[in-house]
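So you can see what is in the structure, the chains are spelled out below.
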Amino acid sequence: MKLARIAVWFDREVAEARWQYGMNVFETYLEELLNHRGITFEMPERLDDLLRSRYDLVLVALAAENEASVEVLYRFASEGGGVVLFANLNRMAARLGYVKMPRHQSGYAYFHSREKGTESTESRPLRFLDALPWLPFGNDVTPAEKLGKIRLDAALDDANHDVLPALLRFQVGSGFVDRWSVGLLTTIVKLQQGSAPLVEDGAPAPDGTASVNDGILKADDSIEQCWERDRLISETGAPYFAYPYTDEWREAIVGHIVRRAAQHGWSVPYFGYWPPGVESVAMISHDSDGNEEEHGITTLGLMKEFGIRSTWCMIESGYSRPLYDRIEQDGHEIAFHYNAIDRNGYWAEAEFKRQLDHLRAVASDTAVVSNKNHVTRFEGWSELFRWCEKYGIESDQTRGPSKKGNVGFLFGTCHPYRPIAWSDERNRLYNVLEIGFLTQDMDHGKWTDTSVIVPFLEAVRRVEGVAHFLFHQVHLHQKAPVREAFRRTVREAKARGFEFWTGKRINDWERARRGLRIVSGADDGEISVVAKTAEAEKVEAVLYIPIPAGANAGQLHASTLSERYGVTTIRTTTRLAMQTSQL
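Basis of the calculations
- Residues numbered from 1 in each chain as written.
- Predicted model: local features only at pLDDT ≥ 70, side-chain atom pairs only at ≥ 80, totals over all residues.
- Heavy atoms only, no water.
- Patch = residues over 30% accessible without salt bridge, like charges linked within 9 Å, V, L, I, M, F, W, Y side chains within 5 Å.
- Areas by Shrake-Rupley, 256 points an atom, 1.4 Å probe, with all protein chains shown as cover.
- Salt bridge = Lys/Arg side-chain N within 4 Å of Asp/Glu carboxyl O.
- Helix = DSSP H or I, 4+ residues; strand = E, 2+ residues; numbered from the N terminus.
- Buried < 20%, exposed > 50% of the residue type's maximum accessible area, 1.4 Å probe, protein only.
- Pairing = 2+ DSSP bridges.
- 1 Å grid on protein atoms, 1.4 Å probe; cavity = no way out; pocket = protein on both sides within 12 Å on 5 of 7 lines; lining within 4 Å.
- Points joined across faces, edges and corners; volume = space filled by probe spheres on them.
- Axes fitted to C-alpha atoms, helices over the stretch in contact; angles between N-to-C directions.
- Nonpolar A, V, L, I, M, F, W, Y, C, P; charged D, E, K, R; others polar.

A. Quick look at a nonpolar patch on the surface. A contiguous nonpolar surface patch, about 270 Å² in accessible area, is contributed by Val99, Leu135 and Phe137. Tracing the backbone through its elements, the reader meets Leu135 in strand S10 (residues 134-136). By relative accessible area, which is 32% here, Leu135 ends up partly exposed.

B. Representation of the sheet that holds strand S18 (residues 270-271) in the model. With antiparallel pairing, 4 strands are arranged side by side in an open sheet as S18-S29-S31-S30. Taken across any chain shown, the strands that pair with only one partner, and hence form the sheet edges, are S18 and strand S30 (561-564). The pairing of S30 with strand S31 (residues 567-573) spans 4 bridges and is antiparallel. The residue bridging Ser562 from the neighbouring strand is Thr569, located in S31.

C. Focus on the layout of surface pockets. Considered as a void within the structure, the second largest pocket measures approximately 490 Å³ in volume. In terms of lining residues, the second largest pocket is bounded by 26 residues, among which Arg18, Glu27, Arg103, Asp130 and Thr186 are the most central. Those elements that provide at least two residues to the lining of the second largest pocket are strand S3 (57-62) and helix H6 (184-193). It is H6 that contributes the most residues to the lining of the second largest pocket, 4 residues altogether.

D. Geometry of the sheet that holds strand S6 (residues 107-110). Pairing is antiparallel in the open sheet, where 3 strands are placed in the order S9-S6-S12. The open sheet has two free edges, formed respectively by strand S9 (126-128) and strand S12 (149-152), since each of these has just one partner strand. Taking each pair of neighbouring strands and ignoring which way they run, the sheet shows an average axis angle of 30 degrees. In the sheet, S6 pairs with S12 via 4 bridges, with the strands oriented antiparallel. Within S12, the residue paired with Ala109 across the bridge is Ile150.

E. A look at empty space enclosed by the protein. If you walk through the whole model with that rule in mind, you get 3 cavities of 30 Å³ or more. Space inside the largest cavity adds up to approximately 50 Å³. Lining the largest cavity are Arg399, Gly408, Phe409, Leu410, Phe411, Thr413, Tyr417, Gly436 and Phe437. Grouping the amino acids of the lining of the largest cavity by side-chain chemistry returns 5 nonpolar, 3 polar and 1 charged. Approximately 40 Å³ is the volume found for the second largest cavity. Lining of the second largest cavity is provided by Met314, Ile315, Glu316, Ser317, Gly318, Tyr324, Phe336, Gln355, His358 and Leu359. By residue number, the principal contributor to the lining of the second largest cavity is helix H10 (residues 349-362), which donates 3 residues. Of the residues that constitute the lining of the second largest cavity, the class distribution is 5 nonpolar, 4 polar and 1 charged.

As structure tokens, this is what we get:
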């Protein structure tokens, strides 16, 4: 079995030119996307290296819009390689008999899916925030297979408006060129982090359920979803953002790479998101607003009732050291709750550090590695992540809803991810994992009710993310409906196979898993998994090995095979990889 050798082409000179003009190059995010799935890739420094090296697939993150780029990539495809374009390299359009259209800011992409034994049906649309389609032009048009379609926000209600393809697949020589019409990388970044630095209140929900324009800059002032089209209404009338668009786009990219490689005789192995035997992960966090110790004692009792270990985000002045010791003895995590609004707290690096130093001095002998900002306070673009990175906060949990009507997947994701910097820092990736939350205390009256629990859990389980719920200690102590909402959350999650982890455990696992690398020393199907870090040496991960067209699955037991991304796939573990991957 031939493992695909993948190159990510990122033209550094093009990026540097754009950064000089203050332009963002969110295409750097392809590195984060592939690392999150554990897909092995290389980043050659020179365009000509794509021809000199024995690459099979080239994923074009950023390329110069010139004939040299077109010539090299077209030749690479014609000689049997695969090229994937992400709404870029428009100079290639003319070579294929196409012309680019104007750029579009937002809309929805529609694809067809087929369940076993059923007809192909149109799946639920995915929101995009960038598109640059091509259209045929002239007489010498290369035939293309058209997959999916996109419709622009402004034309969603116009049945006569032209429908454009979401993905074009061109046969070029013995290889192929595939081009997404959707700017997938820009879409993912904007859904997760917004389109611009946050400097003013956001637009409230038209139905009055989410008045984010409250004079306090918060994470949910910069969402990029539509109040009307991206929310559903629960059985009790509670609105919620229902769709993890970002995670679904990630899966669309990975699935496309895996399928196209398999069709051409190459395997693209990848890691599962959780350890063997763990199918779904949930998380409970608390914010210690008020710092009354009786609130903490009540919360400890509730966690013990269900055997849950949770993350306690502590705001200054916090608890007494004996209570902190009890919290840690029960296996919970002590985390930071940065306050930039109440009791003279303010938004500044020095204040962030001062409060964090205070917590570390009084709370625990173990490291404090997680943070969630009070009232989800946020401004700018990446100051918070820069501070976290600088002062040893490895995981942030600030990006979540503050209002009743914007709970759910308002940033499109329930996965841990690395945020990206603005152009002033050359769009680098921060060494911080963001783990957003879905809702605050249900059945409190201020936020949503328990009717959203099951929809949230089902959506999180489908995309294999983290079902993160926030319950304040004060509300768990004072309000019986909130206590019962907590109990229902745990019961529903456990009934669906969720395990409850702390933020630190999620952070430690994700970092260790990313320290694993899939390698192959030959074309005989031998796969090795090597550890790049000391932490990675201690973990065992799930390993998926797609079986490409024409490959022999040998005598593998049927229980090790399943279909993922439309490809028959071996499911094994990193420890068994050498035994099960000889095909």
